[in-house]
Amino acid sequence: FDSLPASTVNELMHALAKPLFKRLDDSTERNREVAIALLTKLLGTVDDVTPHLAYFYPALAARGPPNCGFTAEENVGCLLVHDIDAYDAWRRGNASADRPDRETIHSMSGGGHSVKVGEPSEELRAKLISMLGALVTSRIAKGNVDVLSPYWHETLLFVASQLRDPFAGVKVAACRLLELIAAAPMLQRPTVPYAVGIARAMPACLRHRHAKVRAAAIDACCSVVAIPFKDKCKGAGTEAIVDLVGFREDNVLPIRAFYGKEVSVNSFAELTNDPSVLVRERFAKCLA
């Protein structure tokens, strides 16, 4: 595609986009893999993707985890919800229901086999993130990120929901894309409302059994927390630090504590004693 004229690539995208989007739901894994590879090239090359985004994002969302969403609570702030039923139970005050973004905070694997996924292939789930990353990166390079504005909620939701994926490679890919988004000045302002929710979804990755996942999560978490929130002169995700350090006020006792189900984990404290030199080094840079 790099050697073809821009007009030719645009014509290819116009002719192949819809058939390739349909192949993302193909029953044959090889067909889905080829479709993702072609779309990654096309989305990262064409000048104008606006006519195709309305078809691309529904096809992408269908391959992601079901029943995910961002929500805002008055006293808690932005949360990433993975289970609508559990979220409703938590809102009603059910003592057996944990806050929706903390359900896997105590798990070193950060998800396990109970996590529902849309795409059954682990490798293809990682490639889906790379495909979305190619779209975002190309829009940054071409200076037309505004075309993604109507779909920015869907973009961040898809990437953030992958932080709970049971496959380590998917977690790493999601963390790297979040780091890229947080570092792009033109994408920081629209990401501000989601920063707290994304940062709160990080502890499961920060406590993952693989050092490469923990290292990638540290970089992504640091970048998201530090996104400039110029209206309030602070980092957009700083409210999530309370959760990352497992802080709880002395005079506040959650109802779940009476049932022995309250879990409070200081993820940052664990990183200071991490067995991996790379992780400790990344965390030191994060704190600095």
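*Asks:* Could you give an account of the overall build of the protein, naming the residues involved and the relevant values?
*Replies:* Counting its regular elements, the protein contains 15 helices and four strands. Taking all 288 residues of the protein together, the buried fraction comes to 48%. Expressed as a percentage of contacts within the protein between residues at least 6 apart in sequence, the contacts between residues at least 24 apart total 68%.

*Asks:* Could you give an account of helix H15 (residues 277-287), with specific residues and numbers?
*Replies:* By the burial criterion, the buried members of H15 are Val279, Phe283 and Cys286. The buried residues of H15 all sit within an arc of 55° when viewed along its axis, so they share a single face. Projecting away from the buried face of H15 at angles above 90 degrees are the exposed residues Val277 and Lys285. In this fold, the buried residues of H15 make contact with helix H11 (211-225) and helix H14 (267-272). Where H15 begins, the side chain of Ser276 points an oxygen toward the backbone nitrogen of Leu278, at a separation of 3.3 Å.

*Asks:* Describe the packing of helix H7 (residues 168-183) against H11, listing the residues and the values that go with them.
*Replies:* For the pair H7 and H11, interaxial distance at closest approach is 8 Å and the crossing angle is 25°. Considered as vectors, H7 and H11 are oriented roughly parallel to each other. Crossing of H7 against H11: the hand is left-handed. Residues Ala168, Lys171, Val172, Cys175, Leu178, Glu179 and Ala182 of H7 form the contact with H11, whose participating residues are Lys212, Val213, Ala216, Ala217, Asp219, Ala220, Ser223 and Val224. Taken together, the residues of the contact of H7 with H11 break down into 10 nonpolar, one polar and four charged.

*Asks:* Give me the lowdown on H11, citing residues and values where you can.
*Replies:* Here H11 spans 21 Å end to end across 15 residues, near enough to the 21 Å set by a 1.5 Å rise per residue. With 11 of 15 residues buried, H11 lies mostly within the body of the structure.

*Asks:* Go over the side chain of Arg125, please, and point to the residues and values.
*Replies:* Considering the arrangement of structural elements, one finds Arg125 in helix H5 (residues 122-142). At 2.8 Å, the side chain of Arg125 forms a polar contact with the backbone oxygen of Glu119. Of the polar contacts made by the side chain of Arg125, one reaches the side chain of Asp165; its length is 2.6 Å. Contacts of Arg125, omitting those with residues within four sequence positions, involve Val117, Glu119, Pro120, Asp165, Pro166, Phe167 and Val170.

*Asks:* Provide a residue-level description of the pairing of strand S1 (residues 69-73), including the pertinent values.
*Replies:* Most of S1 sits out of view: four of its five residues are buried. In this sheet, strand S2 (residues 77-81) lies alongside S1 in antiparallel orientation, the contact comprising five bridges. Counterpart to Phe70 in the pairing with S2 is Leu80.

*Asks:* Describe empty space enclosed by the protein, naming the residues involved and giving the relevant values.
*Replies:* Empty pockets left among the atoms are what a rolling probe the size of a water molecule brings to light. One pass over the structure, following the stated rule, counts two cavities of 30 Å³ or more. Every residue along the wall of the second largest cavity is listed here: Pro65, His82, Val115, Lys116, Val117, Ser161, Arg164 and Asp165. For the lining of the second largest cavity, a count of residues per class yields three nonpolar, two polar and three charged.

*Asks:* Mind laying out the confidence of the model for the protein, listing which residues take part and the relevant values?
*Replies:* This prediction gives the protein a mean pLDDT of 87; 87% of its residues lie at or above 70. Here residues 105-113 is modelled with pLDDT under 50, and outside its nearest four sequence neighbours on either side it reaches 24 contacts, counting other chains as well.

*Asks:* Please give an account of a nonpolar patch on the surface that cites residues and values.
*Replies:* Together, Leu4, Leu12 and Leu16 line one region of the surface with nonpolar side chains, adding up to about 200 Å² of accessible area. Relative to the assigned elements, Leu4 resides in the segment before helix H1 (6-23).

*Asks:* Can you lay out unusual backbone geometry for me, pointing to particular residues and giving the numbers?
*Replies:* Phi at Asn67 is positive, roughly 60°, even though this residue is not glycine. Along the polypeptide, Asn67 turns up in the loop between helix H3 (50-61) and S1. Even without glycine at this site, Cys233 takes up a positive phi of about 55°. When you line up the elements, Cys233 lands in the loop between strand S3 (228-229) and strand S4 (234-235).

About the thresholds
- Residues numbered from 1 in each chain as written.
- Predicted model: local features only at pLDDT ≥ 70, side-chain atom pairs only at ≥ 80, totals over all residues.
- Heavy atoms only, no water.
- Helix = DSSP H or I, 4+ residues; strand = E, 2+ residues; numbered from the N terminus.
- Buried < 20%, exposed > 50% of the residue type's maximum accessible area, 1.4 Å probe, protein only.
- Contact = heavy atoms within 4.5 Å.
- Arc of directions from axis to C-beta.
- Polar contact = N/O pair within 3.5 Å; in protein donor to acceptor, adjacent residues only side chain to side chain.
- Axes fitted to C-alpha atoms, helices over the stretch in contact; angles between N-to-C directions.
- Parallel < 35°, antiparallel > 145°, perpendicular 65-115°, else oblique.
- Left-handed = near helix turned anticlockwise from the far one by under 90°.
- Nonpolar A, V, L, I, M, F, W, Y, C, P; charged D, E, K, R; others polar.
- Expected span 1.5 Å × (residues − 1).
- Pairing = 2+ DSSP bridges.
- 1 Å grid on protein atoms, 1.4 Å probe; cavity = no way out; pocket = protein on both sides within 12 Å on 5 of 7 lines; lining within 4 Å.
- Points joined across faces, edges and corners; volume = space filled by probe spheres on them.
- pLDDT = per-residue confidence, 0-100.
- Patch = residues over 30% accessible without salt bridge, like charges linked within 9 Å, V, L, I, M, F, W, Y side chains within 5 Å.
- Areas by Shrake-Rupley, 256 points an atom, 1.4 Å probe, with all protein chains shown as cover.
- Salt bridge = Lys/Arg side-chain N within 4 Å of Asp/Glu carboxyl O.

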